[in-house]
Amino acid sequence: MPRLQRVARIVGLGLLISLGGVVRTSVADVRLPHIFGDHMVLQRDKPVRIWGSADPGEKVTVTIGKEHAEATTDEHHKWTLELPAVSAKTPVEVTVAGKNTIVLHDVLIGEVWICSGQSNMQWNVASSTHARKEIEQANHPEIRLFTVPMRPAGEPADDVNGAWTVCTPKSIPSFTAVGYFFGRYLHEQLEVPVGLVNSSWGGTRIEPWTPPVGFREVPALASILADIEKANAAYAETTAAALPHYATWLAIAQKAKENHQEIPAPPAWPTNPLANNYAATGLYNGMVYPLVPFAIRGAIWYQGESNNGEGMLYYEKMKALIEGWRSVWHEGDFSFLYVQLAPFRYGTSDPTALARIWEAQTAALAIPNTGMAVTNDIANVKDIHPKDKQDVGKRLALWALAKTYGKQIVYSGPLYIDNSMKIEGSKIRVKFDHVGGGLVARNGKPLDWFKIAGDDKKFVDAEATIDGDSVIVSSPKVDKPVAVRFAFDQVAEPNLQNVEGLPASAFRTDKW
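Residues numbered from 1 in each chain as written. Predicted model: local features only at pLDDT ≥ 70, side-chain atom pairs only at ≥ 80, totals over all residues. Heavy atoms only, no water.

> Account for the packing of aromatic side chains, with residues named and values stated.
Aromatic ring pairs are described here by two measures, namely the spacing of the ring centres and the angle between the planes. For the structure shown, the criterion picks out 22 aromatic pairs. Between Y246 and W269 the ring centres are 4.7 Å apart and the planes differ by 75°, which places this aromatic pair in the edge-to-face class. In this pair, Y246 is assigned in helix α7 (residues 222–258) and W269 in the loop between α7 and α8 (282–288), connecting sequence segments 23 residues apart. Just as Y246 is buried, W269 falls in that class too. For the ring pair W301 and F336, a centre distance of 6.4 Å and an interplane angle of 40° mean the geometry is tilted. Separated by 35 residues along the polypeptide, W301 in strand β11 (residues 298–302) and F336 in strand β12 (residues 335–339) bring together distant segments of the chain. (Phe/Tyr/Trp six-rings, centres within 6.5 Å; stacked < 30°, edge-to-face > 60°. Helix = DSSP H or I, 4+ residues; strand = E, 2+ residues; numbered from the N terminus. Buried < 20%, exposed > 50% of the residue type's maximum accessible area, 1.4 Å probe, protein only.)

If you want it as structure tokens, here you go:
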């Protein structure tokens, strides 16, 4: 019914709103979206935002402990309110009262994170390394799980049909492995409850997860925004054409109701062309928007395989996604942590295509309050789904602990410092940040996957040695070097890391 009413307002007709009077037989109860439920986790240290539906004009009161707030339902059956931040070390109850009363039990106050992306985020615990042991040990009563069903939508959906569950050996096997191992490490280190919301779908591109406002703020993506607006305009035309059929049905339904006869089914409603898992905004509408503005600490993201080959355009799309989510959530620059894709033999004619996605992901670190977990040492170049999700989750958690929670720890592997390259005769020096306790070779062997080139732009394998926070690169085949590349190949599994065991990210000093 809400979708039909929105269309009626767009077209300027009251037919579908009056339709409610035909099928409604009782006063509507106060209702909450499914993101609010027993066993949920509410974000600590932030105002609690709660919303729902009821009859227009109905007053709704929400109480959590000693805090309470009141709202009046608007003409569209919607209400929303905000309570002050709640502190509690034990479970609390949330009471929502209007003409009826809802009581939510076993609610915890802690840290809430969204887990999103494609198949490597969707990949579950049961399919990961040491699955049996991990499942058997998954008794964590203060970790709570919520899975969003895979459902695209052409317009922002009001709700998702999910439910909060307590983390147990029974509930954990089908949950996102990266999300779980991330949340478990946070729980161990922070000693607070953790709520994880899994909204992921294998094989999806980044565009369906992005809200329109994200595309609007990135000029390089103007054509995507134009396509969205074109699709919406076409849908408005088809719905306008469908309304006369609903008017006819309405008359028939009204007569059937008066004669106590069965009301016939309405005619089929046009399908929005954005209501699929590959159209821009389709998954945001169906799987993210219904969660907004549930208070969160941040998001973790593992996606990009389906956008492989786009190079730095993917950086533009990451800007649209990150800033788009932040805009609709009204949470400021909340933490957005992501996984740099693992090496994999894609079979492409350009072995550097994946490396150019890595380059785009590294560039996204310039977006405020972001972090990147590098995974080129825990990959399987024959499997696009590496099974070691424990280290992936932990590396994301290290970024969160350091950048979000202020822990003084080493949280990243070595990252090349832009423009730090210095030519020293027949050698090139490149400097790194995040060296931790020092640069080392993971396997004790000479550094690998370094290449060097001269003015002819032909890269050859190079020798590389560690010198403090630098690596000195050279080759007897290049007398006058001008550029260095490191691990700039889809199957590169380099051995450069810091003493803390975090691997270095791929880079290049050229723009050829």
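> Quick one: what's the story with the sheet that holds strand β22 (residues 483–486), residue by residue and with numbers?
Reading across the sheet, the four strands line up as β19-β18-β22-β24 and stay open at both edges, with antiparallel pairing between neighbours. In this open sheet, the two strands that pair with only one neighbour each are β19 (460–461) and β24 (507–508). As defined by bridge partners, β22 adjoins β24 across two bridges and the pair is classed as antiparallel. By the bridge assignment, R485 is partnered in β24 with R508. (Pairing = 2+ DSSP bridges.)

> Which residues make up the layout of surface pockets, and what values do they have?
In this structure, the second largest pocket spans a volume of roughly 550 Å³. Within the residue set of the lining of the second largest pocket, elements represented by two or more residues are α10 (353–363), β14 (415–416) and β24. Tallying contributions element by element places α10 first for the lining of the second largest pocket, with three residues. Residues that form the lining of the second largest pocket fall into these classes: ten nonpolar, five polar and five charged. (1 Å grid on protein atoms, 1.4 Å probe; cavity = no way out; pocket = protein on both sides within 12 Å on 5 of 7 lines; lining within 4 Å. Points joined across faces, edges and corners; volume = space filled by probe spheres on them. Nonpolar A, V, L, I, M, F, W, Y, C, P; charged D, E, K, R; others polar.)

> Before we move on, can you summarise empty space enclosed by the protein with the specific residues and values?
Taken as a whole and assessed by the stated rule, the structure comprises three cavities of 30 Å³ or more. The volume enclosed by the largest cavity comes to roughly 60 Å³. Forming the boundary of the largest cavity are M372, A373, V374, R395, W399, Y411, S412, G413, L502 and P503. Counting only elements with at least two residues in the lining of the largest cavity, the list comes to β13 (370–373) and α11 (390–404). Its residues assigned to classes, the lining of the largest cavity comprises seven nonpolar, two polar and one charged. The computed volume of the second largest cavity comes to approximately 50 Å³. What lines the second largest cavity is L42, Q43, P47, V48, R49, F294 and A295.

> Could you give me a rundown of the nonpolar core, with the residues and numbers involved?
Formed by 135 residues in total, the largest nonpolar core has its most connected members in I50, W79 and F450. With residues near it in sequence (within four places) discarded, I50 still touches L32, F36, V62, I64, W79, T80, L81, L83 and V94. Counting residues in hydrophobic clusters, the runner-up holds eleven residues, among them A231, L274, A279 and A320. (Core = buried A, V, L, I, M, F, W, Y, C linked by side-chain atoms within 4.5 Å. Contact = heavy atoms within 4.5 Å.)

> So what's going on with the side chain of S505? Residues and values would help.
Residue placement: S505 occurs in the loop between β23 (496–498) and β24. Residue classification places S505 among the buried positions, given a relative accessible area of 2%. Reaching out from S505, the side chain makes a polar contact with the side chain of Q340 at a distance of 2.9 Å. Within the structure, the side chain of S505 is placed 3.5 Å from the side chain of T362, a separation counted as a polar contact. Each residue touching S505, except ones within four places of it in the same chain, is listed here: Q340, T362, M372, V374, N376, P414, L415 and F486. (Polar contact = N/O pair within 3.5 Å; in protein donor to acceptor, adjacent residues only side chain to side chain.)

> A description of the pairing of strand β18 (residues 450–453) should follow, citing residues and the corresponding values.
In terms of strand pairing, β18 meets β22 through four bridges, oriented antiparallel. Across the sheet, the residue bridging to I452 is V484, located in β22. Here two bridges tie β18 to β19, and the two strands are oriented antiparallel to one another. Counterpart to I452 in the pairing with β19 is V460. The antiparallel pairing of β18 with β19 creates a hairpin that spans six residues between the two strands, and K457 there sits at a positive phi of about 65°.

> Tell me about the pattern of salt bridges, residues and numbers included.
Going through the model one piece at a time under the given rule, you end up with 27 salt bridges. Salt-bridge contacts for E207 lead to R205; the nearest nitrogen and oxygen are separated by 2.9 Å. Here K451 ties to D461 by a salt bridge, and the two come within 2.5 Å at their closest N and O atoms. In this pair, K451 is assigned in strand β18 and D461 in strand β19, connecting sequence segments ten residues apart. With a relative accessible area of 57%, D461 lands in the exposed category. One connected set of salt bridges, linked through shared partners, spans E359, R485, R508, D510 and K511. (Salt bridge = Lys/Arg side-chain N within 4 Å of Asp/Glu carboxyl O.)

Note that all results are geometric; they support no functional claim without further evidence.
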